[in-house]
Amino acid sequence: MQEDMQIITPVQSEVSIITEQEDFDKPRANCAVIGIFGLPEASKLAYLGLYALQHRGQEATGIVSSDSHSLYRHAGKGLVADVYRKRKIFEELPGNSAIGHNRYSTTGSSSEENVQPLLVTDRTGPVAMSHNGNLVNYRELRSFLEEDGAIFRTSSDSELILQLMARSHGNTLQDRIIDALKMIKGAYSLTLLTEDKLIAVRDPLGFRPLCIGKKDEGWVVASESCAFDLLGAEYVRDVKPGELLIIDKLGMRSVKHVKSKKLSYCIFEYIYFSRPDSLIFGDNVDKTRRNLGHILAKGHPVKDADIVISVPDSSNTAALGYAEESGIRFEIALIRNHYVGRTFIEPDQHMRDFGTKLKFNTVAGVLKGKKIVLIDDSLVRGTTLRKLVGLLRNGGAKEVHVRISSPPIFNPCYYGMDFPTRKELAATSKSVAEICQAIEADSLEYLTIEELKSAVPSGNGQGYCTACFTGDYPIKRDDVKVSRKIS
Ligand code: SF4
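The rules behind the values
Residues numbered from 1 in each chain as written. Predicted model: local features only at pLDDT ≥ 70, side-chain atom pairs only at ≥ 80, totals over all residues. Heavy atoms only, no water. Helix = DSSP H or I, 4+ residues; strand = E, 2+ residues; numbered from the N terminus. Contact = heavy atoms within 4.5 Å. Areas by Shrake-Rupley, 256 points an atom, 1.4 Å probe, with all protein chains shown as cover. Pairing = 2+ DSSP bridges. Axes fitted to C-alpha atoms, helices over the stretch in contact; angles between N-to-C directions. Buried < 20%, exposed > 50% of the residue type's maximum accessible area, 1.4 Å probe, protein only. Arc of directions from axis to C-beta. Phe/Tyr/Trp six-rings, centres within 6.5 Å; stacked < 30°, edge-to-face > 60°. Lys NZ or Arg CZ within 6 Å of the ring centre and 35° of its normal. Parallel < 35°, antiparallel > 145°, perpendicular 65-115°, else oblique. Left-handed = near helix turned anticlockwise from the far one by under 90°. Nonpolar A, V, L, I, M, F, W, Y, C, P; charged D, E, K, R; others polar. Patch = residues over 30% accessible without salt bridge, like charges linked within 9 Å, V, L, I, M, F, W, Y side chains within 5 Å. Salt bridge = Lys/Arg side-chain N within 4 Å of Asp/Glu carboxyl O. Near = heavy atom within 4 Å. Lys, Arg positive; Asp, Glu negative; His and termini not counted. Charge placed at Lys NZ, Arg CZ, Asp CG, Glu CD. pLDDT = per-residue confidence, 0-100. Polar contact = N/O pair within 3.5 Å; in protein donor to acceptor, adjacent residues only side chain to side chain.

1. Section: the overall build of the protein
- Broken down by element type, the protein carries 18 helices and 25 strands.
- Looking at the protein alone, contacts between residues at least 24 apart form 71% of all its contacts between residues at least 6 apart.
- Total accessible area on the protein stands at roughly 19800 Å², and carbon and sulfur atoms take up 50% of it.

Structure below.
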């Protein structure tokens, strides 16, 4: 019942983001979810898992734990290392089960109340939820609920799911979740926690990854399997698209909440978002990303190049693939400073000019007089790439030939990734030749969409979403214009 619903205010973190100044020149990763069931000190395991999944969201993080009697929550803005700095926090998160979340906001602002897991109490008791993805019918459903008297505590799409569950007349939690899922459209990989159950849900198209692992007598559910490696859990399988998994003291039960007619795994997870040491969609990210590099080298060679280098770290694997295929030596020539966070203070334009230099430096001895192939995984606005090409030339490079291990991006994502606006995407207003000129490279080539499709495990792109490249959105949004420009 709506009136029984109570949202518990998040615990304030001592650390807050001062300002987010990172160049928005990569799609911003969405979120990470984790769930632990039946393991001692579950909140500590969730914390470690969130550490492994930090790359999927750096804006805020939270954990809710259960000791079978109550749910306990700690959450705040900032990195995992900052938000759980005090040991006492884990004493306040007791129990053998927990869920966690790392957030980068794609719907709703980055304000404190949007930090997840969300924790509510409805007529059957407390329920917590973490969401990775984005609902495309958010506006429509929110208006519908508001007109019907609902009061929202957050501006995130995730709260809609809890609101819809609270309004369901279903007798069991499972019925109420399924009733809510019938109303929502879009991308969702969810973990939910009650006093005695961990629940994992994936949308019928399977946009975002979610997998199950086993550790001792307990279970772990995570966005990516790299979390299992840290926790010593063994990968069992993916949560299937359209599946709802209930884990409690009786074991694990699978319920098909909706039939999957087709699949739309996010192809960008392989290009950039997921960690190369993860299994996602049942396959190894490193293998597919390396394959992107192989195919890029075959289709887009650079004659007589001396070395292949990458924009670290996300392009390292594709660059290795390019080097393997082309026989050109892989070198490390750009060094990334890992201690420049997303939150460093840039008070004025003068300081901003140092941004790229602060993050990257060149290894001059490696570059001197060399014809270079520079591999980047994606080109969004091209602003950082232009600065990097300049850095490489200043470092002594004779020629810089840029190869991108994905096709040009023409469209935003509505399924949980954040891109700059269509106007800001380089490919929407410039030809490849014009972008090459803008980034001041000697040549620029991208992977074609056909090449990309041939690189993923299905071998032909079947079962993958490619909408940001092609405009073929698997779930339409009526208010969206699509660009299919081919350069
Ligand atoms: Fe992934 Fe692009 Fe599809 Fe979004 S639009 S789900 S980023 S492939």
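Continuing now.
2. Describing the sheet that holds strand β18 (residues 307-310)
- Read from one edge of the open sheet, 5 strands run β19-β18-β22-β23-β24, paired in parallel fashion. Strands with a single pairing partner mark the edges of an open sheet, and in this sheet they are β19 (329-330) and β24 (443-446).
- For strand β22 (residues 371-376) and strand β23 (residues 399-404), the ladder comprises 6 bridges, and the chain directions are parallel. Residue pairing for β23: Asp 376 is matched across the bridge by Ile 404.
- Helix α10 (residues 316-326) rests against β18, β19, β22 and β23 of the sheet, and its axis sits at about 165° to β18.

3. Examining helix α4 (residues 138-147)
- By the burial criterion, the buried members of α4 are Tyr 138, Leu 141, Arg 142 and Leu 145. Looking straight down α4, one finds its buried side chains confined to an arc of 100°; they lie on one side. Exposed residues lying more than 90 degrees from the buried face of α4 are Arg 139, Glu 140 and Glu 147.

4. A short note on the packing of aromatic side chains
- Counted under the stated rule, the structure contains 15 aromatic pairs.
- An aromatic cluster is defined as three or more aromatic residues linked by ring pairs; in this entry it consists of Phe 268, Tyr 272, Phe 273, Phe 419 and Phe 469.
- Cation over ring: Arg 142 sits above Phe 152, and NZ or CZ is 4.1 Å from the ring centre.

5. Brief notes about the packing of helix α9 (residues 285-299) against α10
- Taken N-terminus to C-terminus, the directions of α9 and α10 make an angle of 45°; their axes are 7 Å apart at the nearest point. Taken together, α9 and α10 sit at an angle that is classed as oblique. Between α9 and α10 the crossing geometry is right-handed. The segment α9 lies against α10, with Asp 286, Arg 289, Arg 290, Gly 293, His 294, Leu 296, Ala 297 and Lys 298 engaging Thr 317, Ala 318, Leu 320, Gly 321, Tyr 322, Glu 324, Glu 325 and Ser 326.
- Its residues placed into classes, the contact of α9 with α10 shows 5 nonpolar, 5 polar and 6 charged.

6. A look at a nonpolar patch on the surface
- Taken together, the side chains of Leu 48, Tyr 51 and Leu 230 make up a nonpolar region of the molecular surface, amounting to roughly 260 Å² of accessible area.
- Structurally, the position occupied by Leu 48 is in helix α1 (residues 42-52).

7. Re the site of the ligand
- Lining the immediate environment of the ligand, one finds Arg 208, Cys 266, Ile 267, Phe 268, Cys 413, Tyr 415, Met 417, Phe 419, Cys 465, Ala 467 and Cys 468.
- When its residues are assigned to classes, the shell around the ligand shows 10 nonpolar, no polar and 1 charged.

8. Examining the environment of Ser 260
- With respect to the secondary-structure elements, Ser 260 resides in the loop between β14 (251-256) and β15 (265-266).
- Look at Ser 260 and you get partly exposed, because its relative accessible area is 25%.
- Those residues in contact with Ser 260 that sit more than four places away from it in its chain are Pro 204, Pro 241 and Gly 242.

9. Notes on a positive patch on the surface
- Together, Lys 240, Lys 256, Lys 259 and Lys 261 give the surface a local cluster of positive charge.
- Mapped onto the fold, Lys 261 is located in the loop between β14 and β15.
- On the basis of relative accessible area, Lys 261 is assigned to the exposed category, the value being 83%.

10. Some points on the packing of helix α5 (residues 158-167) against helix α6 (residues 173-183)
- Contact geometry for α5 and α6: axes closest at 8 Å, N-to-C directions at 125°. With respect to their mutual orientation, α5 and α6 come out oblique. Once α5 is placed against α6, the crossing between them reads as right-handed. In this structure, α5 uses Ile 161, Leu 164 and Met 165 to contact α6, whose residues at the interface are Leu 173, Arg 176, Ile 177, Ala 180 and Met 183.

11. Observations concerning the confidence of the model for the protein
- With 88% of its residues at a pLDDT of at least 70, the protein reaches an overall mean of 88.
- Contacts of residues 1-23 to residues separated by more than four positions or lying in other chains number 75 contacts, the stretch itself having pLDDT below 50.
- Contacts for the low-pLDDT stretch residues 343-347, under 50 throughout, to residues beyond four places or in other chains number 12 contacts.

12. Quick word on the side chain of Asn 411
- Tracing the backbone through its elements, the reader meets Asn 411 in the loop between β23 and α15 (426-429).
- In terms of polar contacts, Asn 411 uses its side chain to reach the side chain of Arg 422, at 2.7 Å.

13. Section: the pairing of strand β3 (residues 60-66)
- With respect to burial, β3 is a largely interior element, 7 of its 7 residues being buried.
- A two-sided burial pattern is seen for β3, the buried positions comprising Ala 60, Gly 62, Val 64 and Ser 66 on one face and Thr 61, Ile 63 and Ser 65 on the other.
- Two strands pair when backbone bridges link them, and β3 and strand β4 (residues 71-77) are joined in this way by 7 bridges, in the antiparallel orientation. Bridge pairing in β4 links Ile 63 to His 74.
- Here β3 hands over to β4 after 4 residues, with Ser 68 in that stretch at a positive phi of 80°.

14. Points about the side chain of His 101
- Relative to the elements of secondary structure, His 101 occurs in strand β5 (residues 97-103).
- Excluding its chain neighbours within four sequence positions, the residues that come into contact with His 101 are Cys 31, Ala 32, Val 33, Leu 50, Ala 60, Thr 61, Gly 62, Gln 116, Pro 117, Ser 130 and His 131.

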